[in-house]
Amino acid sequence: MKTRKLISVILGAALCSTCLISCGNEPAANSPADTAANNSANTGAADTGESKSDLIKVGIINNDPNESGYRTANVNDLKATFTKENGYDAQFAYSLKNDEQITYAQKFIQDEVDYLLLSAADTAGWDSVLQDAQKAGVRVILFDRTIDADESLYEASIVSDMLKEGETAVEWLKGQSLDSYNIIHLQGVMGSDAQKGRSGALDKAVTELGWNVVTQQTAEWSAEKAQQIVQSVIDSGKKFNVIYAENDDMAKGAVAALDKANITHGVGKDVIVMGFDCNKWALEELKAQNWNYDGQCNPFQSSYINDIIKKLEAGETLDQKTIIMEEKGFDAATITAEDVEKYGI
Amino acid sequence: MSTPSESKLRSFFTGLMRHQIVIPLAALLLLTLFNLIADPGFFKISLGYNSDNNPVLSGYLISIIDYGSELAILAIGMTLVTAASGGQDISVGATIAIAGSVILRVLCGTESRPETLQAPIIVAFLVACLVAMLCGAFNGSLVAFFKIQPMVATLILFTAGRSIAAWINNNELPIVSDVSFSYFGGYLPGVPIPTPFFIAIICFVITWAVLKYTNLGLYVQAVGINEKTSRLNGLNPTFIKFLTYVLLGVCVAVSALIKVSRLSTINYSVIAKDIEMDAILAVALGGNALSGGKFNMSASILGAYVIQFLTTTLYKFEVQSDALSAYKAVVVIILVVMSAPAVREKISLLFNKMSAKKQAQSA
């Protein structure tokens, strides 16, 4: 009985410490947003004198940088552009929740920022706060994501065209002029923007050109599921020569299954491997000729935003509201070490 | 505890256990029959070589024992937790992410792509074990000491776990290039059977030995059936509940090792996604009451492989990707209805009548 009590005391202590640790972690996960908001409040108060000079005040609302590699690259890019040296007084706020983002937006409007840059967590619910912004003379620029609001409420929207990303990839695949196309199509989470665009382009080419789709399955962006699906095709003994994976992770899973079955892949090998998103490790695989193609999903919107702000400040009008970013596709045969450094996220 | 009542209880248990394993066996038989009729090629196993020139067996059956192993290991812990606390741990997927992240953190140190391992794999695994047990202890303490409903208590780590996992590695995605790390989720050189299956077998043997040579199984069931009487009989229900969650933590760490080893890297948001639901389904498929009490470990393990059997079958027949979860849902519905007390009572009544008739006839 005594030992039992002792053990329970020890374990009790251990779990108390876990409580503390995990309690410590939770706020840590949220803290970037909080500190960002606090900073913004502080800078807002401290910089009022300065901002009347020639610095342009921008409030940037983004999703949590920990969300994905794409988001981390996106946040770093914005931070690098909107600096004091470039003539900006920038405040950042991060949240994955729409209502928190709206609160930040209201705060920025009260701080009288000149521009509000917004990557909304959700498409709905932005009308009233954007109307407030308009009344207060704050100009709104959307980036990365669109919202369901009237076009008059924002100056511009800078987005990726997922369908075009898919089309660029399919064009490249056409250009390979294989004798026959037997494709394993690994889809992302069904219904997501990226999945719809990237699947749509391939589906169209398949019906038009009579390519053979060996299997079309959703691996839900997951490498493990992709590995199982490709494994299943290999087990069935069906022949295939193209893997069209809608993100890099799934392509990686597929390659793991190919390696297990000793099927060669890459430039000049049995199976063509295609991925999307241009993660740095994926571009390195490309460089090593293990994969064939990687399509970009461009997270670097800041130069576009910068141009727009410069134009608006000069009193020019924009030609169009929706600006679609240029997105590249990389071929293993032509990719350079600089590309890996520059475009890898 | 008086011996006659205990032996009575035991014989009652063994009787039921014999009953219980029938459910996953029937499901397995059904799937096997279906595949035999649809395409006997399903059962073909062939020997080939992988890209490292190691001999490997391949075929659907091999895929099943390969990919089903993590689930089977998790099912062990989940069965104990279910039996003792009458609830399920829904945070196992998130804790796998945490444990996997810890393994990579220890192996890679601060670099995200080291040339050599920064620590032996066994050390990384033990640290991950410790962390996963602490997560289990956190869940267990909420359930056992604070008497919070298991599903609510584990919801905390379920939501926060993946963020914690990302935080452990500063949101980087380390990649281990050392070949020896890929053995755990792949093949040992010269051995044509996938390693996860061996790891699972080791876990089964240990579990079997623990259940046979210690009183853990009996205590867990006693606590699950009636907490008050087990306390009156000198057990400590709080501690036993707590212990089951810590044991589940060990299972989580083993699964995490296999998972991260498969690809030598990790993706925090999707690794072991929805595996908690499959683990709970395995326990249910094993005929164990999700409200706690009696359990049958081998039925749960068999249940886990049956689920993988189902998944592999669905992949083989190229079921429309959006319909995949609907098929699993059908299985769940059948299971839930089958295990409903009302239905069970009817079935056992029917069974009793039949056996009574037979006895009458033979007499």
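Residues numbered from 1 in each chain as written. Chains lettered and ligands numbered in written order. Predicted model: local features only at pLDDT ≥ 70, side-chain atom pairs only at ≥ 80, totals over all residues. Heavy atoms only, no water.

**Some remarks on the overall build of chain A**
Assigned secondary structure in chain A consists of 12 helices and 12 strands. Of all 345 residues assigned to chain A, the portion counted as buried reaches 52%. Contacts spanning at least 24 positions in sequence make up 73% of the contacts within chain A whose residues lie at least 6 apart. Looking at chain A as shown, the accessible area adds up to about 15100 Å², and 50% of this sits on carbon and sulfur atoms. (Helix = DSSP H or I, 4+ residues; strand = E, 2+ residues; numbered from the N terminus. Buried < 20%, exposed > 50% of the residue type's maximum accessible area, 1.4 Å probe, protein only. Contact = heavy atoms within 4.5 Å. Areas by Shrake-Rupley, 256 points an atom, 1.4 Å probe, with all protein chains shown as cover.)

**Some words on the interface of chain B and chain A**
Taken together, the contact between chain B and chain A spans 49 residues of the former and 46 residues of the latter. Roughly 4000 Å² is buried in total at the junction of chain B and chain A, and carbon and sulfur atoms are behind 56% of that figure. Summed over the shared surface of chain B and chain A, the number is 4 salt bridges. Notably, a salt bridge pairs Lys238(A) with Glu318(B), separated by 2.4 Å at the nearest N-O pair. If you look at where chain B meets chain A, you find 13 residue pairs in polar contact (both at pLDDT 80 or more). Breaking the side of chain B that touches chain A down by element, the ones donating at least two residues are strand S2 (55-58), helix H3 (60-67), helix H6 (121-144), helix H7 (150-168), helix H11 (237-263) and helix H13 (297-316) of chain B. Here the side of chain B that touches chain A is composed, by residue class, of 26 nonpolar, 16 polar and 7 charged. (Buried area = accessible area lost by both parts, 1.4 Å probe. Salt bridge = Lys/Arg side-chain N within 4 Å of Asp/Glu carboxyl O. Polar contact = N/O pair within 3.5 Å; in protein donor to acceptor, adjacent residues only side chain to side chain. Nonpolar A, V, L, I, M, F, W, Y, C, P; charged D, E, K, R; others polar.)

**Looking at unusual backbone geometry**
Residue and element names in this part refer to chain B. Phi at Asn53 takes a positive value of approximately 65°, unusual for a residue other than glycine. Along the polypeptide, Asn53 turns up in the loop between strand S1 (46-49) and S2. Take Asn53: its relative accessible area is 58%, and that puts it in the exposed class. In this structure, Ala272 is a non-glycine residue whose phi angle is positive, near 50°.

**With respect to helix H6 (residues 162-175) of chain A**
Residues and elements named next belong to chain A. Helix length check: H6 (14 residues) gives 20 Å between terminal C-alpha atoms against 20 Å at 1.5 Å per residue, within 8%. For H6, the complete set of buried residues consists of Met162, Glu165, Gly166, Ala169, Val170, Trp172 and Leu173. Within H6, the buried residues cover an arc of 155° as seen down the axis, which keeps them to one side. Considering only its buried residues, H6 is in contact with strand S6 (182-187), helix H7 (193-209), strand S8 (242-245), strand S9 (272-276), strand S10 (293-295) and strand S12 (329-331). (Expected span 1.5 Å × (residues − 1). Arc of directions from axis to C-beta.)

**Considerations on the domain arrangement of chain B**
All names here are of chain B. According to the domain assignment, chain B contains domain 1 (52-318) and domain 2 (323-363). Domain 1 and domain 2 are separated by 30 Å when their C-alpha centres are compared. Between domain 1 and domain 2, the contact holds 9 residues from the first and 7 residues from the second. A combined buried area of about 750 Å² lies between domain 1 and domain 2, and 79% of that area is made up of carbon and sulfur atoms. Among the residues domain 1 hides against domain 2, the three largest losses belong to Leu281, Leu310 and Leu314. Together they make up 54% of the total. The interface formed by domain 1 and domain 2 includes 0 residue pairs in polar contact (both at pLDDT 80 or more). At the level of secondary structure, the elements contributing two or more residues to the side of domain 1 that touches domain 2 comprise helix H12 (275-285) and H13. Broken down by class, the residue content of the side of domain 1 that touches domain 2 amounts to 6 nonpolar, 2 polar and 1 charged. (Domains from an automatic or database assignment.)

**Some thoughts on the pairing of S9(A)**
Remark: a regular strand shows side chains that alternate across the two faces of the sheet. All names here are of chain A. When you tally the buried positions in S9, you get 5 out of 5 residues, the bulk of the element. By the alternation rule, side chains of S9 split into Ile272, Met274 and Phe276 and Val273 and Gly275, which are all buried. Here S8 runs beside S9; their pairing, made up of 3 bridges, is parallel. Paired with Val242 across the strands is Ile272, a residue of S9. Each parallel crossover has a hand, and for S8 linked through helix H9 (residues 248-260) to S9 it is right-handed. Both S9 and S10 contribute to a ladder of 3 bridges, which runs parallel. Bridging across to S10, Gly275 finds its partner in Asp294. (Pairing = 2+ DSSP bridges. Right-handed = clockwise from strand over helix to strand, strands pointing away.)

**Brief notes about the pairing of strand S3 (residues 115-118) of chain A**
All names here are of chain A. Of the two faces of S3, the one carrying Tyr115 and Leu117 and the one carrying Leu116 and Leu118 are both buried. Taken together, the 4 bridges between strand S1 (residues 56-62) and S3 define a ladder with parallel strand orientation. Among the inter-strand pairings, Val58 is bridged to a residue of S3, identified as Tyr115. Sheet topology note: the S3/strand S4 (residues 139-143) ladder contains 4 bridges and is parallel. Residue pairing across strands places Leu118 opposite Leu142, the latter belonging to S4. Running through helix H5 (residues 127-135), the crossover from S3 to the neighbouring parallel element S4 is right-handed.

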